[in-house]
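Notes for the structure review
Take a look at the letters that make up each chain.
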Amino acid sequence: MKTSTINKTEIGKFNKLSAEWWDPEGSFKPLHKFNPIRIKYIRDSIIQYFNIKSKNIPLKNINILDIGCGGGLISVPMKRLGANVVGIDASLKNIKVAKIYSKKNNLQIKYICSSPEKLKIKKKFDVLLMLEIVEHVNDINLFIKQSSKFLKKNGLMFVATLNKTLKSYVFAIIGAEYILNWLPIGTHDWEKFMKPNELINIAKNSKLNLIDLNGIKFNPLNDKWSLSNDKSVNYIANFKKN
């Protein structure tokens, strides 16, 4: 029985790329490209769900745990929107990059090098973010089970990942890695991609019920990403804890 969600091969990949997190033209260019649509979706979902009225600091007093935070690409905008943010990542190099960036920009974000099953904090959060991380871990069941322990009752959990389809293999691996060179070759393992219904069933085992499910689609004509009904490649799910 697995007792760790850490995949050392995946950690090794991200350690090598850690210096590039904040380079919009580097290895994380796709994340920089679709970060705006992720931020808007998460922000709007939180505002609607928690019935927030403040427009100036919309996420004030919202406590967020960003799991698999990398260099802080989503932690930073959540903090700038007013949230209290804790980011965790199993890669120490990622955490060091995230800390340096937040310090340079005077952002009070707590970063911890840890995986969910090893995290030693008693605090529970209003929102969990797991963006582009579940396809890089060992034992997704354990990962979501351990992560959900840090979510308050009636809290929200967002998961963004890749669908396991022929189209995702063509676009996310052959296209993004081999043809367009958006990502280093070997970034993704198609076998670790997950169909939405599989994710939904795993979440249910941790008392997490689906609220919303959207595809995220790239438009090459305007070089932008947007929410879509097409979930065949990238998708983002929003769950509520019972």
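Residues numbered from 1 in each chain as written. Predicted model: local features only at pLDDT ≥ 70, side-chain atom pairs only at ≥ 80, totals over all residues. Heavy atoms only, no water.

Structural notes on the overall build of the chain
What the chain contains, in helices and strands, is 7 helices and 8 strands. Taken over C-alpha atoms, the radius of gyration comes to 17 Å for the chain, in line with the 18 Å a tight globule of 242 residues would show. In terms of overall dimensions, the chain has C-alpha extents of about 45 × 40 × 40 Å along its principal axes. Intrachain contacts of the chain at a sequence separation of at least 6 include 69% that bridge at least 24 residues. Accessible area of the chain: about 12100 Å², with a carbon and sulfur share of 53%. Counting 40 positive and 19 negative side-chain charges, the chain places the averaged centre of each group 9 Å from the other. (Helix = DSSP H or I, 4+ residues; strand = E, 2+ residues; numbered from the N terminus. Rg over C-alpha atoms; globule rule 2.2 N^0.38 Å. Contact = heavy atoms within 4.5 Å. Areas by Shrake-Rupley, 256 points an atom, 1.4 Å probe, with all protein chains shown as cover. Lys, Arg positive; Asp, Glu negative; His and termini not counted. Charge placed at Lys NZ, Arg CZ, Asp CG, Glu CD.)

Brief notes about the packing of helix 5 (residues 140–148) against helix 7 (residues 196–204)
Between helix 5 and helix 7, the least distance of the axes is 9 Å, while the angle of their chain directions is 45 degrees. Here helix 5 is positioned oblique relative to helix 7, judged by the angle of their axes. Where helix 5 crosses over helix 7, the two elements pack in a sense that is right-handed. Along its contact with helix 5, which presents Ile140, Asn141 and Ile144, the element helix 7 presents Leu199, Ile202 and Ala203. Looking at side-chain class alone, the contact of helix 5 with helix 7 contains 5 nonpolar, 1 polar and no charged residues. (Axes fitted to C-alpha atoms, helices over the stretch in contact; angles between N-to-C directions. Parallel < 35°, antiparallel > 145°, perpendicular 65-115°, else oblique. Left-handed = near helix turned anticlockwise from the far one by under 90°. Nonpolar A, V, L, I, M, F, W, Y, C, P; charged D, E, K, R; others polar.)

Quick word on helix 6 (residues 166–179)
With 14 residues, helix 6 ought to run about 20 Å at 1.5 Å a step, yet its terminal C-alpha atoms sit only 16 Å apart, falling short of that. For helix 6, the complete set of buried residues consists of Ser168, Ala172, Ile173, Gly175, Ala176 and Glu177. Positive phi appears at Asn181, one or two residues downstream of helix 6, with a value of about 55 degrees. (Expected span 1.5 Å × (residues − 1). Buried < 20%, exposed > 50% of the residue type's maximum accessible area, 1.4 Å probe, protein only.)

Points about the environment of Asn238
If you trace the backbone, Asn238 turns up in strand 8 (residues 234–241). Overall, the relative accessible area of 4% leaves Asn238 in the buried class. A C-alpha to C-alpha distance of 10 Å links Asn238 and Val127, two positions 111 residues apart in sequence. Filtering out sequence-adjacent residues up to four positions away, Asn238 remains in contact with Tyr41, Ser45, Leu156, Met157, Phe158, Asn209, Leu210, Ile211 and Asp212.

Focus: the sheet that holds strand 4 (residues 125–131)
Taking strand neighbours across the sheet as the criterion, the 8 strands line up as 3-2-1-4-5-8-6-7 in an open arrangement whose pairing is mixed. Edge positions in the sheet fall to strand 3 (110–113) and strand 7 (224–228), since each of these pairs with one other strand and no more. Between one strand axis and the next, the sheet turns by 20 degrees as a mean value, whatever way the strands run. Sheet topology places strand 1 (residues 63–67) next to strand 4; 3 bridges connect them, and they run parallel. Each bridged residue has a counterpart across the sheet, and for Asp66 the counterpart in strand 4 is Leu129. The strands that helix 2 (residues 29–49) touches are strand 1, strand 4, strand 5 (151–162), strand 6 (208–219), strand 7 and strand 8; relative to strand 5, the one it contacts most, it runs at about 155 degrees. Against the sheet, helix 5 contacts strand 1, strand 4, strand 5, strand 6 and strand 8, and its axis sits at roughly 155 degrees relative to strand 4. (Pairing = 2+ DSSP bridges.)

Observations concerning the packing of aromatic side chains
Applying the stated criterion to the full structure yields 9 aromatic pairs. Between Phe14 and Trp21 the ring centres are 6.4 Å apart and the planes differ by 10 degrees, which places this aromatic pair in the stacked class. Of the two residues, Phe14 and Trp21, neither departs from the other in class, the shared state being buried. Ring centres 6.0 Å apart and planes at 85 degrees place the aromatic pair Tyr41 and Phe158 in the edge-to-face group. (Phe/Tyr/Trp six-rings, centres within 6.5 Å; stacked < 30°, edge-to-face > 60°.)

A look at the pairing of strand 8
Counting buried positions along strand 8 gives 7 out of 8 residues, so the element sits mostly inside the fold. Inspection of the sheet shows strand 5 paired to strand 8 by 7 bridges, in the antiparallel sense. Across the sheet, residue Ala160 finds its bridge partner in strand 8, namely Ile236. The pairing of strand 6 with strand 8 spans 8 bridges and is antiparallel. Among the inter-strand pairings, Leu210 is bridged to a residue of strand 8, identified as Phe239.

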